[in-house]
Amino acid sequence: MSSYKNILVEQSGSVKTITINRPDKLNALNQQTMEELKQAFQEINDAKDLRGVIVTGAGEKAFVAGADIKEFSEINELNARKFAENGQETFDLIQNCHIPVIAAVNGFALGGGCELAMACHMRVASENARFGQPEINLGIIPGYGGTQRLTQLIGKAKAVELMLTGDMISAAEALTLGLVNYVVPADKVMEKTNSLMAKILEKAPLAVGMVIDCVNAVYNADEDGYQTEANSFARCCGTEDFVEGTTAFLEKRKPAFKGE
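In this convention, every chain numbers its residues from 1, walking through the sequence in written order. Totals for whole chains, interfaces and linings use all residues, but because this is a predicted model, local features are given only for residues with pLDDT of at least 70 and pairs of side-chain atoms are given and counted only at 80 or more. Neither water nor hydrogens contribute to the side-chain values; these are computed over all heavy atoms in the structure.

A. Just helix H9 (residues 205–217), in detail. Each helix corresponds to a stretch of at least 4 residues labelled H or I by DSSP, and each strand to a stretch of at least 2 residues labelled E; elements are numbered beginning at the N terminus. Expected span, for any helix, means 1.5 Å times one less than how many residues it has. Helix length check: H9, at 13 residues, gives a terminal C-alpha distance of 19 Å against a target of 18 Å (1.5 Å per residue), a fit within 8%. The complete set of buried residues in H9 reads Pro-205, Val-208, Gly-209, Met-210, Ile-212, Cys-214, Asn-216 and Ala-217. By the convention used here, residues are in contact when the closest approach between their heavy atoms is within 4.5 Å. The inward-facing, buried residues of H9 abut helix H3 (77–95), helix H8 (189–201), helix H10 (225–236) and helix H11 (240–250). Between buried and exposed lies partly exposed: a residue is buried under 20% and exposed over 50% of the maximum accessible area for its type, with that area taken using a 1.4 Å probe on protein chains only.

Spelled out as structure tokens, the structure:
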């Protein structure tokens, strides 16, 4: 297990929690934090004992309030493309993780923080959470996939509006737009996130992973999502979990899935 400076990684049972741990900087994403996130998810993708991941921010004020502006201000046109591509690669690791990743959003999720939350498969937000892509106020645009994921999640017209105005939206509006799955009181965010994860953990692990693959295929122009679905369906039917699930249904009992 790697040691980290800017993130905390804890495991309880088969669920790992990653906490962005820079509360004095409102958990802003500097390059070291991004590298640590990348390494953490590389390890998660290689792990055999995990069934879920929760991503959150330290403290009550912010999930992640954006990029580290001091560090950010030092990039130029020559290195900016690589800067963006590295961030996209890290967030792609999260989106394509084969186990469910839920963002527990406590407070501000702005810029890179909103992009991080959107890279997760689901989002549970506190009532005081605020979302936005305010990069336009700095004379730039989102670079970690925000222009793509925000549009996918809430639709073109509203995504364009939010990115052109730089406006923040409340958790309640984010729920209405489909940006988040749930909004709960601030002291209930982790409870709701763990409850949602626990419900998923009761399901067949291989099927859970294949649902993620198939949904991601919707947004991959190089992939035939229908074929991915058919292939994944066939693979599910060859698993012991499929036999257990159908047998349990017929026997009117709760299935005991093993991920086999």
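Okay, back to it.
B. View of the pairing of strand S1 (residues 7–12). What makes two strands pair is DSSP finding at least two bridges between them. Two strands pair when backbone bridges link them, and S1 and strand S2 (residues 15–20) are joined in this way by six bridges, in the antiparallel orientation. In the strand pairing of S2, Leu-8 is matched with Thr-19.

C. Broad picture of H10. Relative to the 16 Å expected for twelve residues at 1.5 Å per residue, H10 spans 16 Å between its end C-alpha atoms, a close match to the ideal helical length. Residues of H10 that are buried: Thr-228, Ser-232 and Cys-236. Buried residues of H10, seen end-on, are gathered within an arc of 70 degrees and therefore sit on one face of the element. Turned more than 90 degrees away from the buried face of H10 sit Tyr-226 and Phe-233, all of them exposed. At its buried positions, H10 is contacted by H9 and H11. N or O atoms within 3.5 Å of each other form a polar contact, as long as, within protein, one can give a hydrogen and the other can take it, and as long as residues adjacent in sequence are counted only when both atoms are side-chain atoms. With a side-chain oxygen lying 3.0 Å from the backbone nitrogen of Tyr-226, the N-terminal cap of H10 falls on Asp-224. By definition, the arc is the one covered by directions from the helix axis to the C-beta atoms.

D. Structural context of the nonpolar core. Membership of the largest hydrophobic core comes to 45 residues, with the highest contact counts inside it found for Phe-41, Phe-63, Val-105, Leu-116 and Phe-131. When residues no more than four places from it in sequence are discounted, the contact partners of Phe-41 are Ile-18, Val-53, Val-55, Leu-93, Ile-94 and Val-101. Buried Ala, Val, Leu, Ile, Met, Phe, Trp, Tyr and Cys residues form a nonpolar core when they are joined through side-chain atoms within 4.5 Å. With 13 residues, the next largest nonpolar core counts Val-184, Ile-200, Val-208 and Ile-212 among its residues.

E. Main features of the sheet that holds strand S6 (residues 108–110). In spatial order, the strands read S4-S6-S8-S9; together these four strands make up an open sheet with mixed pairing. Only two strands of the sheet have a single partner each, and these edge strands are strand S4 (62–64) and strand S9 (169–170). In the packing of helix H4 (residues 112–119) onto the sheet, the strands contacted are S4, S6 and strand S8 (130–132), and the crossing angle to S4 comes to about 80 degrees. An axis is simply a line fitted to the C-alpha atoms; with a helix, the fit covers only the stretch in contact. Between two such axes, the angle follows the N-to-C directions and lies from 0 to 180 degrees.

F. Here's a closer look at the state of the cysteines. Criterion for a disulfide: a pair of cysteine sulfur atoms within 2.5 Å. Taken as a whole, this structure holds zero disulfides when the rule is applied. Summary of cysteine pairing: Cys-236 is not part of a disulfide, and the nearest cysteine sulfur, belonging to Cys-237, is at 6.7 Å.

G. Up close: the side chain of Gln-95. Secondary-structure assignment places Gln-95 in helix H3. Look at Gln-95 and you get buried, because its relative accessible area is 17%. When residues no more than four places from it in sequence are discounted, the contact partners of Gln-95 are Ala-119, His-121, Arg-149, Ile-212 and Asn-216.

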